Amino acid sequence: MQLPSRPAGIRRPQGRRLARRVGALWRSATRLLRGPMPGWMRPFFLVAIPLVLLAVLALAFLFLLGGNDVRSLEQSQFDSDTGTMSTSRLAQSFLSPRANLNRIDVQLAVLPDLSQAGEVRLIQGDSTTGVVVYSAPFRALSFAHDPFLTVEFPPIATSEGATYTLVFETPNSPLQPAITARFNSFDVLSSGEMYTDAGPTSGDLVLAAYYHYGPIDFLSDMASTLGGHGFELVAWVLLLLLPGLALLLWLPGGLNGGQVLLAAPGLTALALPLLLLVLRVVGLPLGGFGMWAVLLLSALAIGARLYLARRQPTAGSPPTRIFRSSLLFWGVLAAVFITTVVVRMLSLRDTVAGMGLDAYHHTLIAGMIVDHGGVPSSYEPFAPLSSFTYHFGFHTLIAAVAWLTGQTRPDDLLLLMPQVGQFATALPVLTLTLFGWRVLHNRWAGLLAGALVGLFSVFPAYYVNWSRYTQGLGLALLPVAWVLFLHVLERPHVSNRASSNEPPDTNLQAVLRNLQLSGPYMLAVIAVAGLFLTHYRIAMIFVVMAGLYVAGRLVSASARRTTMSPGDGAPVSALLILRRSALAGVLCLAALSPWLVNMAQNFRSHLVGRDTSTSAEYYDLSPLKDLFLHPTMIALYILGVLGLLLAIKRRIWPLMLVAVAWAILGLWSNPYLFGWLLPGFRLPYSGYLDVTTWAQSVWLPLALLSGYALAEAVRIAFAMGRSLGGAWERLWRVSVRTLAAVGLVAAGVAVALPIAFNLDSRPYIAPADRDALLWMRDNLPRQSYVLANPFRFGWSDAIYGSDAGMWVPFIAGVPSSVPPLPAYNESLADPNYLINILDIIRFEPLSVREMEPSDWQGLRDRGVTDIFVGTRGGNGALDIPALLASDQVSLVFHQDGAYLFQLK
């Protein structure tokens, strides 16, 4: 039947014409990429590609040679400014903790007038007179870091451990018209002094000291990280490689030798929490001796499997040819991974513990596992919580390292926790490479994706500021879990029946044959269950991916009547995939059943699913806007869109699956997402994977899509050299690949170092806090009770610690008035625990009112013996000047901004 033609005078819709034009442009670009390049363009690109790579390399080395300014000291508390002072001199002394001091920032209250006649001097020693190290007129200063006035000078190589005094002076006239600085009216820096015309004055200026960090320092730190801790390094390597390698050699996972090497560290991290769960069920502790026994048994298992493979080569022989692929690939991968690990550790260069609110309970849980020799059943004696339901995969990894290296004391775990966490955020370099190689069949796409998140992206590097290490490890392990689960679904069907013409199996052959059948399921159970025990919400992402994958295969099978495995082997039917996924799911639930029962009995939802007037703030991403608009994230957005378009055009289903899964989860991550359209409407179960976790995890799909786009661009570029032929082609190919490899690592370091040093200026634990906690451990009676600085979020009534006071129970060994973060999801051993905390906090010496004698007595009646204020300063709940002036308490410890008062 002939369709009627379009009536004359009716124009095509504007949107349809635009779509056709875009389609025509896309087809033209595709033909240009697929077809032979015009002859005039080829010489241009053959010359331009090496030149661009040389330019990138030169810029990278230029940035590296320029170095970075790293903050080493900060005094951030203030309650006044110098606007009312008539002094002509203002000075502050301080102790420099690092060599190469080269910059000091002083916070101002109003814009400076640097045209005024005045001089700034840096004097050696704690005095306004002495040896002048640096001097400059006011007009040489910079206010580019508003509200900080920057004094910059050549690096002082001998500044570590030395005291300096920064002096601003306007001869014969008041300083105030030129500079109005903020200061704290009571002493904060115990190692420094504030000066005016009258001499030393109570208080301290708000200032930050920086040191210059150059390429020589980076190389020195790399050598120290890799060679200065030989025993610890060997223990780390053995822990991460041996258990996972043993499992992958005995249990077939569909991986070749190189892929096995990439998957082994991730599988170790996935297997450890499941091992501790099994030991908890049978009532056996692990501990240091048990951990070394696990490594010994793993090594013996690896040796036995390789020996059997050599003696009786069979179809089930393990993959042993690890370096079958090119040396360039492994060289670049090793360089990227090692560099990423070193850069991650550099973030901890000037820290003494994990940063952010999460750091305390991560360190606490790791210490509890170390003390119990396994998974604890409660938080006692550190808090009266009678249950333990927190995901513990990351903490198990910390405990394993602690057992192997002997770093089991609480003060050892202060820094060990963030070290393991930083390593966890470097693991995606390996696991994304594995995903690209095994799932996308493009190892370079995986390697480039790993390089992007290891060296070029602000995420997950910025996790160090929040100690979001459970999330970081979960995301790092997600590709490993997916690869092993996918092998269960897509492996060719293997029959367990022996042919009548074959000789009967020996016992060994029967074992290997059974492992061929059950091994993939065992690996999948370890991977998926281990992922759940590492991070519940990342396991939700996995479940959505798995559900979409199975649904997609069923739809495809219904439409095409057949389903093929992506690799070699026989067809895999949709029904078989459904049966396999169901069996794997049942086995995972069975493996997790003890923990699921524990959660069902004890876990309480604190925030998710509740609808209050302020709960919408919990799902507000505006505080993270600057991070999501970071230049590295914008680059990932652009490359990710290009990668998605390529994936759609070429039907790269795994990449499309990842993108669709994250898009669907994004719709379910905020229960208030559709409120502007339909007031009060929310998707069922929305918010359980909260939008903050979702947004902070979006780097993973973006990296995979971006890595694929870059790999395609690199493939097209390298293919141009084929037109040269002969020796010229080899020379061009070798030189371009070398430049690209070196440029990738050099540019990565140049980008990664500023990100690594972009740290919170107000950590929860500074050196003075650590010293105060250790002093309390050694001097306070065990029956002491410490009042600590509290705060609460606007979207919650829960009380949290706002400074190092929340660390008191774990480090000092005495209770404090703020609970650990997971307390609100656990069962209470003392039903009044949280109520008593609220009762105590109402007596705190708030800055808005005077403390009455009855208030002090109220604190004593509730058991408070000491009051601690950390260097972070809290939110002002504890008024230090009021405490210093009170006759109800006495100051027993003060170092920099850390104060401990004892009630009289």
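For the structure, see preceding data.
What you see is a predicted model, and the numbers here were worked out from it, not measured in a lab.

Asks: Talk me through the overall build of the protein; I want residue IDs and the actual numbers.
Replies: Summing up its helical and strand segments, the protein has 27 helices and 20 strands in all. Scored against the burial criterion, the 904 residues of the protein give a buried share of 53%. Of all intrachain contacts in the protein linking residues separated by at least 6 positions in sequence, the fraction that spans at least 24 positions is 78%. Summed over its atoms, the accessible surface of the protein is roughly 39600 Å², and 62% of this surface lies on carbon and sulfur atoms.

Asks: Kindly report on the sheet that holds strand β1 (residues 68-75), identifying the contributing residues and their values.
Replies: Paired through backbone hydrogen bonds, the strands of a sheet run either parallel or antiparallel to each other. Pairing is antiparallel across the open sheet formed by five strands, whose spatial order is β1-β14-β4-β8-β7. With one partner strand each, in any of the chains shown, β1 and β7 (142-145) form the two edges of the open sheet. Across this sheet, the average inter-strand angle for adjacent strands is 35°, counted without regard to direction. One ladder, built from six bridges, connects strand β4 (residues 101-107) with strand β8 (residues 148-156); its direction is antiparallel. Along β8, the bridge assignment pairs Gln107 with Phe148.

Asks: An account of the pairing of strand β5 (residues 119-124) is requested, with residue identities and associated values reported.
Replies: Where β5 lies against strand β6 (residues 132-137), five bridges are found, and the strand directions are antiparallel. By the bridge assignment for β6, Ile123 is matched with Val132.

Asks: Any details on the pattern of salt bridges? Residues and values, ideally.
Replies: Evaluated as defined, the whole model comprises 18 salt bridges. Two residues, Asp350 and Arg98, come together in a salt bridge whose shortest N-O distance is 2.7 Å. Here Arg98 lies in the loop between β3 (89-95) and β4 and Asp350 lies in the loop between α7 (327-346) and α8 (358-372), a separation of 252 residues in the sequence. Across the pair Asp412 and Arg409 runs a salt bridge whose closest N-O atoms are separated by 3.3 Å. A cluster of three or more residues bridged by salt bridges with shared partners is formed by Arg409, Asp411, Asp412, Arg777 and Asp778.

Asks: I'd like a rundown of the sheet that holds strand β18 (residues 866-869), residues and numbers included.
Replies: Taken together, four strands build an open sheet; the order of strands is β15-β18-β20-β19 and the sheet is mixed. The strands lining the two open edges of the sheet, one partner per strand, are β15 (786-787) and β19 (889-895). Where β19 and strand β20 (residues 898-903) come together, six bridges link them in antiparallel fashion. Across the sheet, the residue bridging to His894 is Tyr899, located in β20.

Asks: Describe the packing of aromatic side chains, listing the residues and the values that go with them.
Replies: Summed over the entire model, instances satisfying the criterion amount to 35 aromatic pairs. Between Trp775 and Phe893, the ring centres sit 5.8 Å apart and the planes meet at 40°, which makes this aromatic pair tilted. Here Phe893 lies in strand β19 and Trp775 lies in helix α23 (residues 767-779), a separation of 118 residues in the sequence. Ring pairs connect the aromatic residues Phe459, Tyr462, Tyr463, Trp466 and Phe628, which therefore count as one cluster. We note Arg103 situated over the ring of Tyr210; from NZ or CZ to the ring centre the distance is 4.0 Å. Positioned above the aromatic ring of Tyr764, the side-chain terminus of Arg872 is 4.1 Å from the ring centre.

Asks: Describe in detail the packing of α7 against helix α10 (residues 410-424), supporting the description with residues and values.
Replies: It is at 9 Å that the axes of α7 and α10 come closest, and there the two elements cross at 145°. Considering how the two elements wind past one another, α7 and α10 form a crossing that is right-handed. Residue-level inspection shows Phe337, Val341, Arg344 and Met345 of α7 in contact with α10, the latter providing Gln419, Gln422 and Phe423. Of the residues contributing to the contact of α7 with α10, the split by class is four nonpolar, two polar and one charged.

Asks: I'd like a description of the pairing of strand β9 (residues 163-169), backed by residues and values.
Replies: With six of seven residues buried, β9 is to be regarded as a mostly interior element. When β3 meets β9, the two strands line up antiparallel, connected through seven bridges. Looking at the pairing, Phe94 lines up with Tyr164 of β9. Both β5 and β9 contribute to a ladder of six bridges, which runs antiparallel. Each bridged residue has a counterpart across the sheet, and for Leu122 the counterpart in β9 is Leu166.

Asks: With reference to specific residues and values, describe the nonpolar core.
Replies: In terms of nonpolar packing, the biggest core is built from 235 residues, with Trp482, Trp595 and Trp807 touching the most fellow members. Those residues in contact with Trp595 that lie beyond four places of it in its chain are Leu277, Arg280, Val375, Phe388, Thr389, Tyr390, Phe392, Phe532, Leu533 and Tyr536. Core analysis: the next-biggest nonpolar cluster, separate from the first, contains 33 residues, Tyr134, Leu141, Phe143 and Leu189 among them.

Asks: Tell me what's going on with the side chain of Asn442, and back it up with residues and numbers.
Replies: Within the secondary structure, Asn442 is located in the loop between α11 (428-438) and α12 (443-456). The class of Asn442 is buried, set by a relative accessible area of 18%. Separated by 3.3 Å, the side chain of Asn442 and the backbone nitrogen of Trp444 make a polar contact.

Rules of the game
- Residues numbered from 1 in each chain as written.
- Predicted model: local features only at pLDDT ≥ 70, side-chain atom pairs only at ≥ 80, totals over all residues.
- Heavy atoms only, no water.
- Helix = DSSP H or I, 4+ residues; strand = E, 2+ residues; numbered from the N terminus.
- Buried < 20%, exposed > 50% of the residue type's maximum accessible area, 1.4 Å probe, protein only.
- Contact = heavy atoms within 4.5 Å.
- Areas by Shrake-Rupley, 256 points an atom, 1.4 Å probe, with all protein chains shown as cover.
- Pairing = 2+ DSSP bridges.
- Axes fitted to C-alpha atoms, helices over the stretch in contact; angles between N-to-C directions.
- Salt bridge = Lys/Arg side-chain N within 4 Å of Asp/Glu carboxyl O.
- Phe/Tyr/Trp six-rings, centres within 6.5 Å; stacked < 30°, edge-to-face > 60°.
- Lys NZ or Arg CZ within 6 Å of the ring centre and 35° of its normal.
- Left-handed = near helix turned anticlockwise from the far one by under 90°.
- Nonpolar A, V, L, I, M, F, W, Y, C, P; charged D, E, K, R; others polar.
- Core = buried A, V, L, I, M, F, W, Y, C linked by side-chain atoms within 4.5 Å.
- Polar contact = N/O pair within 3.5 Å; in protein donor to acceptor, adjacent residues only side chain to side chain.

In short, shape yes, function no, at least from these values alone.
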